[in-house]
Amino acid sequence: MATLLRETTPEFRDRPIAERPPSDKAALDERTAGLSPARTLPQLAIVVPCFNEEEVLRETARRLGLLLDRLGRAGRVAAGSRIVFIDDGSRDRTWALIEQLSRDDERMGGIKLSRNRGHQNALLAGLFTVDGDVLVSVDADLQDDVEVIEEMLSEHARGMHVVYGVRNDRSS
């Protein structure tokens, strides 16, 4: 089953905010077994802050899941890549949907904040909590094109440590 964390659990609360969780050496060894150092596949973690996203969450999960499928088949990301939804104190059924998504797809998980902390704090909670070689954030309403993640992975593979996107058109 996928990981579900609540802000009040020790797994979440006891992590120093200034430290990313250490990589799991066994998982890293498993992902890289038999690969040359130049061919190591990154574990991708997509962080999705959510606030009252009941209407769009299933479609967001579907599209991100298809993206992970495609990237995995193309040998662009490791099998342990995942999507983590951060519920920022939603008052609708967002958390219930995240729980259902995590039961249906082991690549999906969630973190539930105890109350609305704001978009940036929800994003930081996700970035400081998830484990991965490459961390990408997207908004739950998919106003940004998730297909750009593939281009970002290409830039990362070429040695870029930080890759970010800038929207050219804000009409959507």
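Values in this document were obtained by computation on a predicted structure and should not be read as measured data.

A.B. asks: Is there a simple way to think about the overall build of the protein chain in this case?
C.D. replies: For the protein chain, the helix and strand inventory stands at six helices and five strands. Taken over 172 residues, the protein chain has a buried fraction of 40%. Within the protein chain, residue pairs in contact and separated by at least 24 positions form 79% of the contacts whose partners lie at least 6 positions apart. Carbon together with sulfur atoms contributes 50% to the accessible area of the protein chain, which is approximately 10,000 Å² in total.

A.B. asks: Help me out: how do you make sense of unusual backbone geometry in this one?
C.D. replies: Across the chain, the bulk of peptide bonds are trans and the bulk of non-glycine residues have phi less than zero. Of note, the phi angle at Asn52 is positive, near 50 degrees, even though the residue is not glycine. Residue position: Asn52 is located in the loop between β2 (44–50) and α3 (57–73). For Asn52, a relative accessible area of 33% translates into the label partly exposed.

A.B. asks: Any chance you could explain the confidence of the model for the protein chain here in plain terms?
C.D. replies: Close reading of the predicted structure is inappropriate where its pLDDT is low. For the protein chain, mean pLDDT is 83; residues scoring 70 or higher make up 75% of the total. In the predicted structure, residues 16–25 sits below a pLDDT of 50 and forms 16 contacts with residues beyond four places in sequence or in another chain. This model gives residues 34–38 a pLDDT under 50, and the stretch forms two contacts once residues within four places in sequence are excluded.

A.B. asks: It is not clear to me how helix α6 (residues 148–157) should be interpreted in this structure. Could you clarify?
C.D. replies: Since the α-helix advances by 3.6 residues per turn, residues separated by three or four positions end up pointing in the same direction. The set of residues buried in α6 consists of Ile149, Met152 and Leu153. Viewed end-on, α6 has its buried residues packed into an arc of 105 degrees, placing them on one side of the element. Buried residues in α6 make contact with β2, α3 and β5 (134–137). Where α6 ends, the next residue or the one after it, Gly159, has phi of about 110 degrees, a positive value.

A.B. asks: Would you explain the layout of surface pockets in this entry?
C.D. replies: Picture a little ball the size of a water molecule; that probe, rolled over the atoms, points out where space is still empty. Considered as a void within the structure, the largest pocket measures approximately 1,200 Å³ in volume. Mapped by element, the contributors of at least two residues to the lining of the largest pocket are α5 (119–129), β5 and α6. Taken together, the residues of the lining of the largest pocket break down into 17 nonpolar, nine polar and 10 charged.

A.B. asks: Help me understand a nonpolar patch on the surface, please; the structure alone is not making it clear to me.
C.D. replies: A cluster of nonpolar side chains, contributed by Val162, Tyr164 and Val166, occupies part of the molecular surface with about 400 Å² of accessible area. In this structure, Val166 sits in the segment after α6.

A.B. asks: Quick question: what am I supposed to make of the environment of Pro42 here?
C.D. replies: Tracing the chain through its elements places Pro42 in the loop between α2 (25–32) and β2. Note on Pro42: relative accessible area 15%, which makes it buried. Between the C-alpha atoms of Pro42 and Asp133, which are 91 residues apart in sequence, the distance is 5.4 Å. Not counting residues within four places of it along the chain, the set of residues in contact with Pro42 comprises Arg76, Val77, Ala78, Ser81, Asp133 and Val134.

A.B. asks: How should I be thinking about the packing of α3 against helix α4 (residues 94–104) in this particular structure?
C.D. replies: Each packed pair of helices is defined by two parameters, the angle between the axes and the distance between the axes. Where α3 meets α4, the axes come as close as 10 Å, and the angle between the chain directions of the two elements is 30 degrees. Compared by their axis directions, α3 and α4 come out roughly parallel. You can see that α3 and α4 cross each other, and the crossing is right-handed. Across the interface between the two elements, Leu57, Arg58 and Ala61 of α3 pack against Thr94, Leu97, Ile98, Gln100 and Leu101 of α4. When the residues that make up the contact of α3 with α4 are grouped by side-chain class, the tally is five nonpolar, two polar and one charged.

A.B. asks: Could you clarify how one ought to interpret the pattern of salt bridges in this entry?
C.D. replies: Think of it this way: side chains of opposite charge can pair up when their charged atoms draw near. Within this structure, the stated rule accounts for eight salt bridges. For Arg107, the salt bridge goes to Asp69, with nearest N and O atoms at 2.6 Å. Of the two residues, Arg107 sits in the loop between α4 and β4 (108–112) while Asp69 sits in helix α3, which places them 38 residues apart along the sequence. Among the residues examined, Asp69 registers a relative accessible area of 30% and is labelled partly exposed. The salt bridge involving Arg70 is made with Glu147; its shortest N-O contact spans 2.3 Å. With Arg70 in helix α3 and Glu147 in the loop between β5 and α6, this residue pair connects regions lying 77 residues apart in the sequence. We classify Glu147 as partly exposed; its relative accessible area is 34%. Where salt bridges share partners, they join Arg70, Arg76, Glu147 and Glu150 into one cluster.

Reading the values: the criteria
Every chain is numbered on its own, with residues counted from 1 as its sequence reads. Only residues with pLDDT of at least 70 are given local features in this predicted model, and only at 80 or more are side-chain atom pairs given and counted; all residues enter the totals for whole chains, interfaces and linings. Excluded from the side-chain calculation are hydrogens and water; included are all heavy atoms of the structure. Secondary structure follows DSSP: runs of H or I at least 4 residues long count as helices, runs of E at least 2 residues long count as strands, and numbering of each begins at the N terminus. Accessibility here uses a 1.4 Å probe with only protein chains present; expressed as a share of the type maximum, an area under 20% marks a residue as buried, one over 50% as exposed, and anything in between as partly exposed. Pairs of residues are marked as contacts when any of their non-hydrogen atoms sit within 4.5 Å. In short, Shrake-Rupley with a 1.4 Å probe defines the accessible areas, and a residue's cover is counted only from the protein chains shown. The pLDDT value expresses, per residue, how confident the predictor is, ranging between 0 and 100. Note that the arc is computed from the directions linking the helix axis to the C-beta atoms. Only protein atoms enter the calculation, which uses a 1 Å grid: trapped sets of points that fit a 1.4 Å probe without letting it out are cavities, open sets showing protein on both sides within 12 Å along at least five of seven lines are pockets, and any residue with an atom within 4 Å of a point is a lining residue. Grid points are joined across faces, edges and corners, and a volume is the space filled by probe spheres set on the points. Here the nonpolar group is Ala, Val, Leu, Ile, Met, Phe, Trp, Tyr, Cys and Pro; Asp, Glu, Lys and Arg are the charged ones; every other residue, Gly included, is treated as polar. A patch is a set of surface residues, each over 30% in relative accessible area and not in a salt bridge, joined within 9 Å for like charges and within 5 Å for the nonpolar side chains Val, Leu, Ile, Met, Phe, Trp and Tyr. The salt bridge criterion pairs a side-chain nitrogen of Lys or Arg with a carboxyl oxygen of Asp or Glu, the two atoms within 4 Å. Geometry is summarised by axes, namely lines fitted to C-alpha atoms with helices restricted to the contacting stretch, and by angles between N-to-C directions that run from 0 to 180 degrees. Any angle that is under 35 degrees is reported as roughly parallel, and any over 145 degrees as roughly antiparallel; angles of 65 to 115 degrees are reported as roughly perpendicular and all others as oblique. By definition, turning the near helix anticlockwise from the far helix through less than a right angle yields a left-handed crossing, and turning it clockwise yields a right-handed one.

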